Amino acid sequence: MLAAVSQPAPEQPTEAEWAAAVSAITRLPADGRILLICHVNPDGDALGSMLGFGLGLRRLGVRQLQATFPGRPEVPEPFREMPGLDLLVPATAADPDPDLVICFDVAAVSRLGDLADRLDRAGAAIVLDHHASNTRFGGIHLVDPDAAATSVVVEKLLVRLGVPLDAGIAECLYIALATDTGSFRFDMTTPAVHEMAARLLATGIRPGEISRRIFDTRPFGAVRLYGDVLGRTQLEPSGAGGLGLVWTYATLEDLSRHGQRPYTLEPLIDSVRCTAEADVSCVLKQVAEGEWAVSMRSKGGTDVSRVAVALGGGGHRLAAGFTGYGPVSEVVDAIRSELDRATAVAGRGDAAGRDQGQP
Ligand code: 5GP
Ligand code: MN
């Protein structure tokens, strides 16, 4: 885990790695069993990359195919109309020893939870990812740290497999791409990203309808919940080495008071990070008594992956996270001290520079 910022960033996949991935898939016998896995608490890129690729494999004629993710099998509300959902099985029903495992958007084995054992038991494993902090687990690595989303890597592999885009595949990959680029707002929104979006839209998918469903639809209870949680946001202008820190937290009690599920809180960081007076934003989301899933973002002045890695997590330079333990005050204290350390290091000019801040 400590590898994320101290090692050189991984390079782009080599021709040999692409060829190995293609042959691992095409050489499977007709009854070969493939298990697709994305990371715990899947986001749009994780689910969209996995299901889009699953639909592509189906077009190739693969029949023994499952898709899954660790933990609760519940699909977050915004993704409940995503094409390919019929491929999903709960982790408890996932093939115990598939012929081939393919992982999506998973930077480290820890993000596979109880499904990590499939890597050892499968005949082969392909990892499609775009995290610079990827720990190079599994056998065949298609890890492109310059890709805006894992779905960029997925599209390239589909091309090499000779699978044409259809509307179902395109919708999955579009959701993935739009999620990780912040709806084409972040810096990694290159010409190539827009070219990929153009190929996806050319299949006839409707970006307005998809965006409304994925980003702009929330139950009323969630709107009220956001009101409570945003109402207790704290601004510390001297935090993060003077660049400013803004943070808030949400408890399980907040969720139950408003009848909401934990994934409702995923977009909350976007409402906090818009604070003009702070470079660094944090949201602590309670997972259990004394346990918090922490999301961190920077606008560019701070390498938050340094902080997250130091506290047992990982991520990108501008978007990272970790699990914090203890009362809110202690978790925030730990963040404050690591932020001071990170900004001091950045001041010496050796902060990890390659990563682009994509989730
Ligand atoms: P988010 O705040 O959206 O949950 O996560 C932002 C990024 O931080 C993710 O893409 C992921 O790379 C990373 N991340 C978040 N939580 C964790 C964690 O607990 N462990 C690790 N290794 N990475 C995390
Ligand atoms: Mn991603």
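Residues numbered from 1 in each chain as written. Chains lettered and ligands numbered in written order. Predicted model: local features only at pLDDT ≥ 70, side-chain atom pairs only at ≥ 80, totals over all residues. Heavy atoms only, no water.

So, helix α9 (residues 220-231)
Here α9 spans 17 Å end to end across 12 residues, near enough to the 16 Å set by a 1.5 Å rise per residue. Within the span of α9, buried status applies to Gly221, Ala222, Leu225, Tyr226 and Val229. Along α9, the residues classed as buried sweep out an arc of 135 degrees about the axis, all on the same side. Seen from the buried face of α9, the exposed residues on the opposite side, beyond 90 degrees, are Phe220 and Gly231. Each element contacted by the buried residues of α9 is listed here: β7 (245-250), α10 (252-257) and α11 (268-272). (Helix = DSSP H or I, 4+ residues; strand = E, 2+ residues; numbered from the N terminus. Expected span 1.5 Å × (residues − 1). Buried < 20%, exposed > 50% of the residue type's maximum accessible area, 1.4 Å probe, protein only. Arc of directions from axis to C-beta. Contact = heavy atoms within 4.5 Å.)

Some details on the sheet that holds strand β3 (residues 100-104)
Spatially, the 5 strands line up as an open sheet ordered β2-β1-β3-β4-β5, and their pairing is parallel. A single partner strand is all that each edge strand has here, and the edge strands are β2 (64-68) and β5 (140-143). Taken over all neighbouring pairs, the strand axes of this sheet differ in orientation by 15 degrees on average, direction set aside. By the bridge criterion, 5 bridges tie strand β1 (residues 33-38) to β2 in an arrangement that is parallel. Its bridge partner lying in β2, Ile37 is registered against Thr68. Sheet strands in contact with helix α2 (residues 15-26) are β3, β4 (124-129) and β5, and its direction is about 120 degrees off that of β5. Across the face of the sheet, helix α5 (residues 150-161) comes into contact with β3, β4 and β5 while running at roughly 125 degrees to β4. (Pairing = 2+ DSSP bridges. Axes fitted to C-alpha atoms, helices over the stretch in contact; angles between N-to-C directions.)

Some thoughts on the domain arrangement of the protein
By domain assignment, the protein separates into domain 1 (15-215) and domain 2 (220-353). A separation of 27 Å is found between the C-alpha centroids of domain 1 and domain 2. Of the roughly 630 Å² buried between domain 1 and domain 2, counting both surfaces, carbon and sulfur atoms make up 47%. Summed over the shared surface of domain 1 and domain 2, the number is 1 salt bridge. Arg261 is the partner of Glu74 in a salt bridge, and the nearest nitrogen-oxygen pair spans 2.9 Å. Counting every contact that joins domain 1 to domain 2 gives 4 residue pairs in polar contact (both at pLDDT 80 or more). (Domains from an automatic or database assignment. Buried area = accessible area lost by both parts, 1.4 Å probe. Salt bridge = Lys/Arg side-chain N within 4 Å of Asp/Glu carboxyl O. Polar contact = N/O pair within 3.5 Å; in protein donor to acceptor, adjacent residues only side chain to side chain.)

Re the coordination of the manganese ion (ligand 2)
Six octahedrally arranged donors around a metal ideally form angles of 90 or 180 degrees; four tetrahedrally arranged donors ideally form angles of 109.5 degrees. For the manganese ion (ligand 2), every protein donor is listed as Asp45 (OD), Asp105 (OD), His130 (NE2) and Asp180 (OD), and the spread of their distances is 2.2 to 2.4 Å. Summarised as a motif, the one-chain spacing of the donors to the manganese ion (ligand 2) is D-x59-D-x24-H-x49-D. Of this pair, Asp105 sits in the loop between β3 and α4 (117-121) while His130 is found in the loop between β4 and β5, placing the two residues 25 residues apart along the sequence. Just as Asp105 is buried, His130 falls in that class too. (Donors = N, O, S within 2.8 Å, 3.2 Å for Na, K, Ca; no water.)

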